[in-house]
Amino acid sequence: GFGQTVRFLAWTAALGGLGAGLLGWAHAGPMATGESGIMAAHRWIGTALTAGLFAVAVLVELRSRRPGALTDWLAGTAILAGAALVAVNGFLGGSLAHGGLRHLMGG
C-alpha cells in the first residue's frame, strides 16, 4: 500500500540530495590543505550521498517493477543505509555550524 509513497520519497530524496551536494560544494569551495577531519568527513559523506541516493531511488524503482525477496532486501537495506548516512552527515554539519560537540549541550 505504501509502494508509491516510498517511490516518491526516494526520488525526492535523490533530487534533494543532488541540490544539497551542489550547494554544499558551492558553499565550502575547493578543498583546503588544512581542512579539519569533520569537514572532510562531512564533505565526502555528502558527496557519496549525492550519488548514493540516486542508487537508492533506482533500487526502489526496481523493487516496484520486479518485486521479490532479493529486491525487497536490497531496497530496504539501501534505504536504511541512506537514512543512517543522512543522519550522520547532519550531525557532522551541525558540529561544523555550531562549534564541535557543543551544539549537543545547549547553551
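Conventions we followed
- Residues numbered from 1 in each chain as written.
- Predicted model: local features only at pLDDT ≥ 70, side-chain atom pairs only at ≥ 80, totals over all residues.
- Heavy atoms only, no water.
- Helix = DSSP H or I, 4+ residues; strand = E, 2+ residues; numbered from the N terminus.
- Buried < 20%, exposed > 50% of the residue type's maximum accessible area, 1.4 Å probe, protein only.
- Contact = heavy atoms within 4.5 Å.
- Areas by Shrake-Rupley, 256 points an atom, 1.4 Å probe, with all protein chains shown as cover.
- Core = buried A, V, L, I, M, F, W, Y, C linked by side-chain atoms within 4.5 Å.
- Phe/Tyr/Trp six-rings, centres within 6.5 Å; stacked < 30°, edge-to-face > 60°.
- 1 Å grid on protein atoms, 1.4 Å probe; cavity = no way out; pocket = protein on both sides within 12 Å on 5 of 7 lines; lining within 4 Å.
- Points joined across faces, edges and corners; volume = space filled by probe spheres on them.
- Nonpolar A, V, L, I, M, F, W, Y, C, P; charged D, E, K, R; others polar.

S.K.: What exactly am I supposed to notice about the overall build of the protein chain here?
M.R.: Broken down by element type, the protein chain carries three helices and zero strands. Each helix and strand of the protein chain, ordered N terminal to C terminal, gives the series α-α-α. When each of the 107 residues of the protein chain is scored for burial, the buried share is 22%. In the protein chain, the proportion of contacts linking residues at least 24 apart, taken out of those at least 6 apart, comes to 60%. When the accessible area of the protein chain is evaluated, it comes to approximately 7000 Å², of which 74% is carbon and sulfur surface.

S.K.: Sorry, what's going on with the nonpolar core here?
M.R.: What tends to happen in soluble globular proteins is that the nonpolar side chains get buried as a cluster. Counting nine residues, the largest nonpolar core is built from A10, A14, L49, L53, V56, A57, V60, A75 and A78. Contributions of two or more residues to this core are made by α1 (3-28), α2 (37-65) and α3 (69-98). When residues of this core are assigned to their parent elements, the largest contribution, five residues, is made by α2. Dropping the residues within four chain positions of it, V56 is found in contact with A78 and I79.

S.K.: Please explain the packing of aromatic side chains as it appears in this structure.
M.R.: Centre-to-centre distance and the angle between the planes together describe a pair of aromatic rings. Evaluation of the coordinates by the stated rule reveals two aromatic pairs. Look at W11 and F54: their rings are 6.3 Å apart centre to centre, the planes differ by 65°, and that puts the pair in the edge-to-face class. Taken together, the residues span a long stretch of sequence, with W11 in helix α1 and F54 in helix α2 at a distance of 43 residues. A relative accessible area of 31% places W11 in the partly exposed class. Judged by relative accessible area, F54 falls into the partly exposed class, the value being 26%. With a centroid separation of 5.6 Å and 70° between ring planes, the pair formed by W25 and W44 is classed as edge-to-face. In this pair, W25 is assigned in helix α1 and W44 in helix α2, connecting sequence segments 19 residues apart. Overall, W25 belongs to the partly exposed group, its relative accessible area being 32%.

S.K.: I keep staring at the layout of surface pockets and nothing clicks. Help me out?
M.R.: Empty space among the atoms becomes visible once a probe the size of a water molecule is rolled across them. In this structure, the largest pocket encloses a volume near 400 Å³. Surrounding the largest pocket, 21 residues form its lining, A20, G24, H42, G46 and N89 being those nearest its centre. Among the secondary structure elements, those contributing two or more residues to the lining of the largest pocket are α1, α2 and α3. Considering every element that reaches the lining of the largest pocket, the biggest residue donor is α1, with nine residues. Each residue belonging to the lining of the largest pocket can be placed in one class, and the counts come to nine nonpolar, 11 polar and one charged. Taken together, V6, L9, A10, A13, L53, V56, I79, G82, A83 and V86 make up the lining of the second largest pocket. Elements supplying a minimum of two residues to the lining of the second largest pocket: α1, α2 and α3. Here the lining of the second largest pocket is built from residues that sort into nine nonpolar, one polar and no charged.

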